[in-house]
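Overview (structure and organization)
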Amino acid sequence: MNAVDIKQLIQMDIDKCIGCNLCLRTCPIETANTAYQDEFGNTKVSLDGEKCIQCGTCVKVCKHQARYINDDLERFLNDLKDGVSISLIVAPSIRALMPNYKELFSWLHKLGVQLIYDVSLGADICTWAHLQYLKKHTRPLITQPCPVIVSYCQQYRPELLEYLAPIQSPTACTALYLQKQGHNERIASLSPCVAKSREHQETKLIHYNITFRRLLDYLEQHQITFPTGEYDFDNPPANAGRLFPLPGGLGENLRFFIGDEYQIEKAEGTDVFEQLNTYLQTPDQLKPDVFDVLNCSGGCLLGPGGGTNKNLFNYTARLHASRQQVHAHRLEALRTMRQYDKSLKLSDYLRSYQAAPTSDTQISYEALEQAFVSLKKTTFAQRHFNCGACGSSSCEDMARKIALGVNIPLNCVILSRDEAKHEKERNARYLSMVRNIGDNLFQTEGLAHKRFVTDSLKQLSETIDCSAVAIWGRDNERSTYERINGWYGNSPSRIAINGDWPDEWTNRLSRGEHLLINVKGERPELFPKDVSTLYIVPVHIQGKFWGFVDAVDIKERIYSDEDAALIDSVGHLLISGILEQELNHNLIEATKTAQAASQAKTDFLSNMSHEIRTPLNAIIGMTNIGSEKSKNSDKNYAFSRIQEASEHLLGIVNDILDMSKIEAGKMELSLSEFSITEMLYRIQNVYQLPLKEKELRFLLTIADDIPPYLYGDDQRISQVVTNLLGNAIKFTPNCGEITIQAAGKFASDNLFDLEIAVSDTGIGITKEQQQKLFRSFTQAESGTSRKFGGTGLGLAISKRLVGIMGGEIALASHPDKGSTFTFSIPLRISSKNEAARQGTNLPVDANNYHNAFKGKTILLAEDVKINQEIVKALLAPTLASIISTDNGVKALAMFEQDPDKFDLIFMDLQMPEMDGLEATQRIRSLSHPAAQNIPIIAMTANVFREDVMRCLESGMNAHIGKPINTAELLQVTAKYLTCSD
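Residues numbered from 1 in each chain as written. Predicted model: local features only at pLDDT ≥ 70, side-chain atom pairs only at ≥ 80, totals over all residues. Heavy atoms only, no water.

What follows covers the overall build of the protein. Counting its secondary structure elements, the protein contains 37 helices and 28 strands. A burial count over the protein gives 50% of its 981 residues as buried. Here the contacts in the protein between residues at least 6 apart in sequence split such that 71% fall between residues at least 24 apart. Surface exposure of the protein reaches about 48000 Å², of which carbon and sulfur atoms provide 49%. (Helix = DSSP H or I, 4+ residues; strand = E, 2+ residues; numbered from the N terminus. Buried < 20%, exposed > 50% of the residue type's maximum accessible area, 1.4 Å probe, protein only. Contact = heavy atoms within 4.5 Å. Areas by Shrake-Rupley, 256 points an atom, 1.4 Å probe, with all protein chains shown as cover.)

A few words on the sheet that holds strand β8 (residues 186-191). Two modes of strand pairing occur in sheets, parallel and antiparallel, and in both the strands are linked by backbone hydrogen bonds. Here we have 4 strands laid out as an open sheet, ordered β6-β5-β8-β9, and parallel in their pairing. The two strands at the open ends of the sheet, each matched to only one other strand, are β6 (113-118) and β9 (208-211). Here the strands of the sheet are splayed against their neighbours by 25 degrees on average, with no regard to which way each runs. Where helix α3 (residues 73-81) meets the sheet, it contacts β5 (86-90), β6, β8 and β9, and its direction lies at approximately 115 degrees from that of β9. Contacting β5, β8 and β9, helix α10 (residues 212-221) crosses the sheet at an angle of about 70 degrees to β9. (Pairing = 2+ DSSP bridges. Axes fitted to C-alpha atoms, helices over the stretch in contact; angles between N-to-C directions.)

Along helix α20 (residues 503-510), the residues that are buried comprise Trp505, Thr506 and Leu509. An end-on view of α20 places all buried positions within 95 degrees of arc, on one side of the element. In the core, the buried residues of α20 are packed alongside β13 (480-487), β14 (515-518), β15 (533-541) and β16 (544-553). Of the residues one or two after α20, Gly512 is the one with positive phi, at around 95 degrees. (Arc of directions from axis to C-beta.)

Formed by 42 residues in total, the largest nonpolar core has its most connected members in Ile717, Ile740, Ile756 and Phe823. For this core, the secondary-structure elements that each account for two or more residues are α26 (676-686), β18 (697-702), α28 (714-731), β20 (737-748), β21 (751-760), α31 (794-804), β22 (808-814) and β23 (818-829). Not counting residues within four places of it along the chain, the set of residues in contact with Ile756 comprises Ile676, Ile717, Val721, Ile740, Gln741, Ala742, Phe821, Thr822 and Phe823. The next biggest cluster of nonpolar side chains, apart from the first, holds 37 residues, and it includes Cys173, Ala175, Phe256 and Phe257. (Core = buried A, V, L, I, M, F, W, Y, C linked by side-chain atoms within 4.5 Å.)

Here the focus is the pattern of salt bridges. The tally for this structure, following the rule as stated, stands at 29 salt bridges. With a shortest N-O distance of 3.1 Å, Glu202 and Arg351 are connected by a salt bridge. Separated by 149 residues along the polypeptide, Glu202 in helix α9 (residues 196-203) and Arg351 in the loop between α14 (330-343) and α15 (365-374) bring together distant segments of the chain. A relative accessible area of 33% places Glu202 in the partly exposed class. In this structure, Lys890 and Asp886 form a salt bridge, with 3.3 Å as the shortest nitrogen-oxygen distance. (Salt bridge = Lys/Arg side-chain N within 4 Å of Asp/Glu carboxyl O.)

Evaluated as defined, the whole model comprises 19 aromatic pairs. A centroid spacing of 5.1 Å and a plane angle of 15 degrees characterise the contact between Tyr279 and Phe291, whose relative ring orientation is stacked. Of the two residues, Tyr279 sits in helix α12 (residues 272-281) while Phe291 sits in strand β11 (residues 290-294), which places them 12 residues apart along the sequence. Judged by relative accessible area, Tyr279 falls into the buried class, the value being 5%. Note on Phe291: relative accessible area 6%, which makes it buried. (Phe/Tyr/Trp six-rings, centres within 6.5 Å; stacked < 30°, edge-to-face > 60°.)

Given below as structure tokens:
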């Protein structure tokens, strides 16, 4: 495993970066970090390892763990495991950062570390070397051997290298001392400095750089438990070198030995780089003798690779004792320096520096101005707002970084604020325009509609500030595109196209491309000389290329995404209106020649699903309940509910089929005596299951003064109540309340005005929505169908039925509070009000006809097996013999073979090979007397009056509709079998 690449010492987790810009603001190298916007629109900041000087400032300020340091810890541990001989030199700051360092040393020693030396030894040597160098050289010195400072000078200020003291760092001095003592094993260093890796690779004295932070993380992640016992440094305690980790440590060491003989100044932290730039510009005679500089504010103790606890006072308090000890043993320290004078050679501890300048991009005045323009800063005040939120110290610094390509205008808080305000105003303007077009587009016809489209295009042109806008559609006869409508200002000849649109453009548009054309540069011959820019948005209708909308401008410009979206939206909206006008015209013409039956079938298909859902739900629910019950009484209850729901469903299906008659004004009411109380309780039974599922409280109130029996169309009244109750359940949230109130008043002695109100605590309906609520296929809002289902026919049908019955329907509603639908109908009072009718709507039991048809043979022509089984099961108690076949050809053949065998024929209409109508006609045409006399009864789902008439005209005697009503089946069968006797 190789040493960590210098460019990879600072790592990034880009997913955690939120673009807070703290790294941009604090990094001393303006081009090392680059702000950008990713593909999801998120602001991120990347790091250029080539330009980074590994100061670690971005790691220290990042609050989101998006940046972290890298070192040689893994390689160090792996090599120890492989038996590589390694000694360790440790920064003296370990005493403050890890008070239990002796236990750590014991663990490292157990792993195989040979010697562990205190770098304070090297700090003493480094101090001695600086003292020797100062005696021999009078030139001002930059004396801190901080690797970050060295990197900065080498890459960005090579002019400072001549001032940089050519003396090895304390870490390197320690390694050199070990080598001179005959230790040839590999050497690792443990310190708070990630940039030491660069120094080690340049001096080639140390093989591994390990930071306190990575080591502490490793110990925590792997839950390392230190062995018992302690292991201290292998070298005796140093003297003044123990002061080195403190702020201004080297300067303090020098003063310790030479007092105020030299002028010593210090600088540290993020400001040190500006101080170095100032130092470079200062004449030598004004420079201090010693300029002690350090990257880390607070000394090496708080380096980026230090501990996670960054409280300087915690560390300095622990080192205060070291300072006291050093000053208490000053004489011993002086003796150490004199011994070094005799035993050490200055030349052994010197080093050289090589310049490795990074290109410094120069920014022109024009580029800076363009950057200010991108920030929309044109005035002096705007250019000196200097809030610093962008990651730059000033607006000018921000503009410079934008010009350098390392920051983006989006990071400017003021620009973002102004653009957000502008966008809000623009969107409000755009929305108002689209809403106005949408509200009025379909309210006009003919020439008024065309003028409205032109006015809308004019408004679009003014809104996006262009010279002209037009809609173009394909002329299939000429295979070209013609202008459908457009607004060209007061001088259309200045900007109208000359000739046809180029195929190259229309082909690209057909593929969905938006085109921004520089007319003068690409196709000047197509337009008059005043036209400069053309922007074209394609329009696809139902997935097919229909045409396009073009915006023409006499000035050069670009179109924003918002402009494009508005052109697209307005274009599609206006084209929809144009197509709707064409469609309406075509429909009107087609309607004049269409037959009413076709319209009735269309209405049938459109309306069916909405109206049959609720009774089907009751049938399915009670079937499930009945199948789970073991008691016959429970099953009979379920079956009785199924019977009621089935009859209700059949009535609704019949009503839906009659919708075409409502549209044609030919609706006929079926008037009879009925009990409003019985009707409402039947409806309540049908809806018990959905009410229970949503835990809705249901209240049914019937006024006492309502006559027991009224005369009217109870099926139509029931259908209206069913629609209103179904909607109330659908739009009322769980645990809400629904109420049905039946009341009324006597209009005369024989006329009663019935009033039924259905109230709920549901979502409610706004005034605007109420205006369109009773239209066919319309719901309160577009999302209602997706959320709640339904076709939007229920209320339209209800209103028409109430109107046909001479009544009115009204709505009172408040959004989020609920709605109340009330309808009133004038009904005649029945003369039969003395008692409830017996057996009304009760299911007929086939057992009442037990043995009634014994000895009779019935031919059943039905192609669906389950329908055959249903008929046989319903007639089983009668003991009739039923012979079934599945098409008209077989039924005809069976009758011809033995005409006297059968007493009655049930004939389906739609069967394979031969339908029931043709089979009946063939039977009636036979010469045998039985062919003329045998009763033939239609049994079919074709229940229109026209279907019944066709059955009778073909020779059938009667008609039974599907679903089969048991009572009707038994009564009709009994009638014709009795007649045949």
